[in-house]
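Residue-level listing of the chains:
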Amino acid sequence: SAVNTEPYRPQFHFTPPAKWMNDPNGLVYNKGVFHLFYQYYPDDIVWGPMHWGHAISKDLIHWEHKPIALYPDKNGYIFSGSAVVDTENTSGFGTKENPALVAIFTYHDIDGERAGRTDFQTQGIAYSLDNGETFTVYDGNPVIGNNGIKDFRDPKVFWDDQSKNWSMLLVAGDHLQIWQSKNLKSWEKVSEFGKNQGAHGGVWECPDLFKLKVGTTDEEKWVLLISINPGAPNGGSGTQYFVGDFDGRTFTSDQKEEKWIDWGTDNYAGVTYNNVPNNDRIFIGWMSNWSYARDTPTEKWRSAMTVPRKLTLAKHSNEYQLINYPIEDLGSIASNDFSESISISGNSQMVISNDNLSQSEIKFRTSARKFNLHFQNDDGDDLSLKMNGIEKLFVLDRTKSGKVDFQEDFASVQKMPIALLPEGEIEIRILMDWSSIEVFINQGQYVMTAQVFPNSNYSKLVFKNNSELDISLGQVTLDKIKSVW
Ligand code: FRU
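These lines cover the structure that appears in this document, whether it is placed above or below. All values derive from a computational prediction rather than experimental measurement.

Criteria and thresholds
- All chains use their own residue numbering, which begins from 1 and follows the written sequence.
- This being a predicted model, a pLDDT of at least 70 is required before a residue's local features are given, and a value of 80 or more before pairs of side-chain atoms are given or counted; all residues contribute to the totals for chains, interfaces and linings.
- To obtain the side-chain values, all non-hydrogen atoms of the structure were included, while hydrogens and water were left out.
- Only runs of H or I of at least four residues qualify as helices and only runs of E of at least two qualify as strands under DSSP, and these elements are numbered from the N terminus.
- In this description the radius of gyration comes from C-alpha coordinates, and the expected globular size is given by 2.2 Å times residues to the power 0.38.
- We call two residues in contact whenever any of their non-hydrogen atoms come within 4.5 Å of each other.
- Note on areas: Shrake-Rupley, 1.4 Å probe, and residue coverage restricted to the protein chains presented here.
- By the counting scheme adopted, Arg and Lys are positive, Glu and Asp are negative, and His together with the chain ends is not counted.
- Here the site of a charge means atom NZ of a Lys, CZ of an Arg, CG of an Asp or CD of a Glu.
- Throughout, the term near means that a residue has one or more heavy atoms lying within 4 Å of the molecule or strand in question.
- Any pair of nitrogen or oxygen atoms within 3.5 Å is treated as a polar contact; in protein, a donor-acceptor pairing is required on top of that, and neighbouring residues in sequence qualify only through side-chain atoms on both sides.
- By convention, a stacked pair of Phe, Tyr or Trp rings (six-membered ring in the case of Trp) has centres within 6.5 Å and planes under 30 degrees apart, an edge-to-face pair has planes over 60 apart, and any other such pair is tilted.
- Type-normalised accessible area, obtained with a 1.4 Å probe on protein chains alone, sets the label of each residue: buried when under 20%, exposed when over 50%, and partly exposed for intermediate values.
- We treat two strands as partners when DSSP finds at least two bridges between them.
- With a 1 Å grid laid over protein atoms only, a set of points is called a cavity when a 1.4 Å probe fits there but cannot get out and a pocket when it is open yet has protein on both sides within 12 Å along at least five of seven lines; lining residues have an atom within 4 Å of a point.
- Grid points are joined across faces, edges and corners, and a volume is the space filled by probe spheres set on the points.
- Put simply, Ala, Val, Leu, Ile, Met, Phe, Trp, Tyr, Cys and Pro go in the nonpolar bin, Asp, Glu, Lys and Arg in the charged bin, and everything else, Gly too, in the polar bin.
- Angles here are taken between N-to-C directions and fall from 0 to 180 degrees, while the axes themselves are lines fitted to C-alpha atoms, restricted in helices to the stretch in contact.

### Details of the overall build of the chain
Link 1 in the chain: Scanning the chain from N- to C-terminus turns up 1 helix and 33 strands.
Link 2 in the chain: Radius of gyration (C-alpha) of the chain: 22 Å, near the 23 Å computed for a compact globule of 485 residues.
Link 3 in the chain: Its C-alpha atoms put the chain at 70 × 45 × 45 Å along the principal axes.
Link 4 in the chain: Summarising the internal contacts of the chain: among those between residues at least 6 apart in sequence, 62% fall at separations of at least 24.
Link 5 in the chain: Of the roughly 18300 Å² that the chain leaves accessible, carbon and sulfur atoms contribute 46%.
Link 6 in the chain: Across the chain, 45 positive and 63 negative side-chain charges occur, with their mean positions spaced 2 Å apart.

Given below as structure tokens:
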């Protein structure tokens, strides 16, 4: 497909060809392709009647746009949800030879909402027998009705081996509900979680639940993702997680503190793929924030997805931490542009000019814990990252990063506590793609994702040593990343 060349258009992140996009939906692998459905409004660059847009990929990097998969119908707009492959034909929609791809989503009845009712969100299903090319909406919809819960949505369905059931996670305002089914059509509620746990600054959205091994040990834990809006640590929307156990019916966690998958302002509603062949847990998030998603300065389309990230679980100082780090294949579109060993004497700086900076990956390994990195251009814009190991804080400051005044919350200083960062050499890895920055510290132990809208390309990378002592950043590499469009 054609290269997207409008200002700010990401070149290696997924964006819709045109118009409004929000959450990733229906992430599932089937018959050789990864599906990416997404919340989509094809008539404007602001949120509106929701459809499921659709794209497919063989490698999660190069995407092929597909026609819209699901349209609003008599039950309502099509809100977020998931998709499964019904291998055993439990639903009877397909056959064992050609299992149905079943989409499970929320219906949002806008007339009900406008009339002031509270039961306007219900759950529906649709199936495809041609690997997502076309869908048939189930005529028994909705499969789960509503008894008056105002925010009741975002079904994530997966096959649970312990209970030999389909499990569905649903959010209900301030908590999670778990439902079960034998056939994807008839559902029973079996448990609840979270009324008194975790962050509650806003409504709970987009749940996900999966099992991961802890590091290289045999210990296994379940991880629950819950997006909340507002109430994120740096304002607006964000995604928290809980580490615990799931027995096939109930999720429990003795976690006391709040945990966040990403401390930047722009990684929301992220969920993981079902059915990935090697069992990797692959996560994609929406790279925006409800505080200003509708106001960002793009014209033809609005917003992008994060790069696909592999999730793993680690233990640092006896605490579980969810690690998220770009999938390995991303390396296949990177080509080295710059590589130099960089040392900076006390309180001085070093400037690298590079024309590919706006579409690049910067990587180094260092034991230094007090330095700043600035992305600058000839217009005087400055996006700054500050590593402060003494205060155990990492700060992303986009107040002077370019266009910031399109909405009052955008010009933020974003803080990330890095208390569990180990001593010694750690990797700093940064992905820049015209209007976004993703920072991965110690291979995904600490992550920040943020949108930026510089007045012109960032073309200078400034490394500042903020200590009296000389520091070494080791071998700093800058890779240009190819456009995937
Ligand atoms: C999250 C969300 C979901 C909802 C969808 C509507 O960003 O609010 O809870 O299903 O967006 O587009």
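### So, the site of the ligand
Link 1 in the chain: Every residue close to the ligand is listed here: Asn 22, Asp 23, Gln 39, Trp 47, Met 50, Phe 79, Ser 80, Arg 153, Asp 154, Glu 205, Tyr 268 and Trp 290.
Link 2 in the chain: Between Gln 39 and the ligand, the recorded distance is 2.6 Å, taken from a side-chain N or O atom to an oxygen atom.
Link 3 in the chain: The separation between an oxygen atom of the ligand and a polar main-chain atom of Ser 80 is 3.1 Å.
Link 4 in the chain: Considering the ligand on its own, with 320 Å² of exposed area, one finds that the protein chains cover 95% of that surface.
Link 5 in the chain: Those elements that provide at least two residues to the shell around the ligand are strand S1 (19-30), strand S5 (77-85) and strand S9 (152-160).

### A few points about the packing of aromatic side chains
Two aromatic rings, taken as a pair, are described by how far apart their centres are and by the angle between their planes.
Link 1 in the chain: What the rule picks out here adds up to 34 aromatic pairs.
Link 2 in the chain: Measuring from ring centre to ring centre gives 5.4 Å for Phe 37 and Trp 52, while their planes differ by 40°; the resulting arrangement is tilted. Taken together, the residues Phe 37 in strand S2 (residues 33-41) and Trp 52 in strand S3 (residues 51-57) connect sequence positions 15 residues apart. Trp 52 matches Phe 37 in its accessibility class, with the two residues each being buried.

### Comments concerning unusual backbone geometry
Link 1 in the chain: A cis amide bond, omega -5°, links Asn 141 with the succeeding residue Pro 142.
Link 2 in the chain: With respect to the helices and strands, the residue Pro 142 is situated in the loop between strand S8 (136-137) and S9.
Link 3 in the chain: Of note in the backbone geometry, Asn 89 takes a positive phi value of approximately 55° without being a glycine.
Link 4 in the chain: Positive phi, close to 50°, is recorded for Asn 442, a residue that is not glycine.
Link 5 in the chain: With respect to the secondary-structure elements, Asn 442 resides in the loop between strand S30 (436-441) and strand S31 (446-451).
Link 6 in the chain: By relative accessible area, Asn 442 is classed as buried at 18%.

### Notes on the pairing of strand S33 (residues 471-481)
Link 1 in the chain: Bridge count between strand S22 (residues 334-344) and S33: 10 bridges; the pairing is antiparallel. Within S33, the position partnered with Phe 338 by the bridge is Leu 478.
Link 2 in the chain: Here 4 bridges tie strand S24 (residues 359-366) to S33, and the two strands are oriented antiparallel to one another. The residue of S33 that forms the bridge with Ile 362 is Leu 478.

### Points about the layout of surface pockets
Link 1 in the chain: Roughly 990 Å³ of volume is contained in the largest pocket.
Link 2 in the chain: Lining the largest pocket we find 33 residues, and of these Trp 159, Lys 211, Asn 275, Asn 279 and Arg 281 sit closest to its centre.
Link 3 in the chain: Contributing elements (two or more residues each) for the lining of the largest pocket: S5, S9, strand S13 (203-213), strand S14 (220-229) and strand S20 (309-316).
Link 4 in the chain: For the lining of the largest pocket, the per-class residue count stands at 15 nonpolar, 8 polar and 10 charged.
Link 5 in the chain: Volume-wise, the second largest pocket comes out at about 460 Å³.
Link 6 in the chain: For the second largest pocket, the lining is made up of 22 residues, of which Asp 280, Lys 310, Pro 326, Ile 327 and Glu 328 are closest to its centre.
Link 7 in the chain: For the lining of the second largest pocket, the secondary structure elements donating two or more residues are S20, strand S21 (319-326) and S24.
Link 8 in the chain: At 3 residues, S21 tops the list of elements feeding residues into the lining of the second largest pocket.
Link 9 in the chain: Per-class residue counts for the lining of the second largest pocket are 9 nonpolar, 4 polar and 9 charged.

### A short note on the sheet that holds strand S29 (residues 426-433)
Link 1 in the chain: Sheet architecture is open: 6 strands sit in the order S22-S33-S24-S29-S30-S31, paired in antiparallel fashion. Pairing within the sheet leaves two strands with one partner each, and these edge strands are S22 and S31. In this sheet, neighbouring strand axes are inclined to one another by 15° on average, regardless of whether the strands run parallel or antiparallel.

### Remarks on the sheet that holds S1
Link 1 in the chain: The 5 strands are arranged S4-S3-S2-S1-S19 in an open sheet whose pairing can be described as mixed. What marks the edges here is a single partner per strand, and that holds for strand S4 (63-70) and strand S19 (301-302).
Link 2 in the chain: Alignment of S3 against S4, held across 5 bridges, turns out to be antiparallel. The partner of His 54 across the bridge, within S4, is Lys 66.

### Side note on the pairing of strand S15 (residues 238-246)
Link 1 in the chain: Most of S15 is tucked away, with 8 of its 9 residues classed as buried.
Link 2 in the chain: Note: S14 against S15, 7 bridges, orientation antiparallel. Note on S15: the bridge partner recorded for Ser 227 is Thr 239.
Link 3 in the chain: As judged from the 2 bridges shared by S15 and strand S16 (residues 251-252), these two strands associate in the antiparallel manner.

### As for empty space enclosed by the protein
Link 1 in the chain: Overall, the coordinates contain 5 cavities of 30 Å³ or more when judged by the stated rule.
Link 2 in the chain: Its boundaries defined by the atoms lining it, the largest cavity holds a volume of some 110 Å³.
Link 3 in the chain: Lining the largest cavity are 16 residues, and of these Pro 24, Gly 81, Ser 82, Pro 155 and Val 271 sit closest to its centre.
Link 4 in the chain: Secondary structure elements with two or more residues in the lining of the largest cavity: S1, S5, S9, S13 and strand S17 (268-272).
Link 5 in the chain: Here the lining of the largest cavity gets 5 residues from one element, more than from any other, and that element is S1.
Link 6 in the chain: A volume near 80 Å³ is recorded for the second largest cavity.
Link 7 in the chain: Pro 10, Met 287, Thr 296, Thr 298, Trp 301, Ser 303, Ala 304, Ser 435, Ser 436, Gln 451 and Phe 453 are the residues that line the second largest cavity.
Link 8 in the chain: Considered class by class, the residues forming the lining of the second largest cavity number 5 nonpolar, 6 polar and no charged.

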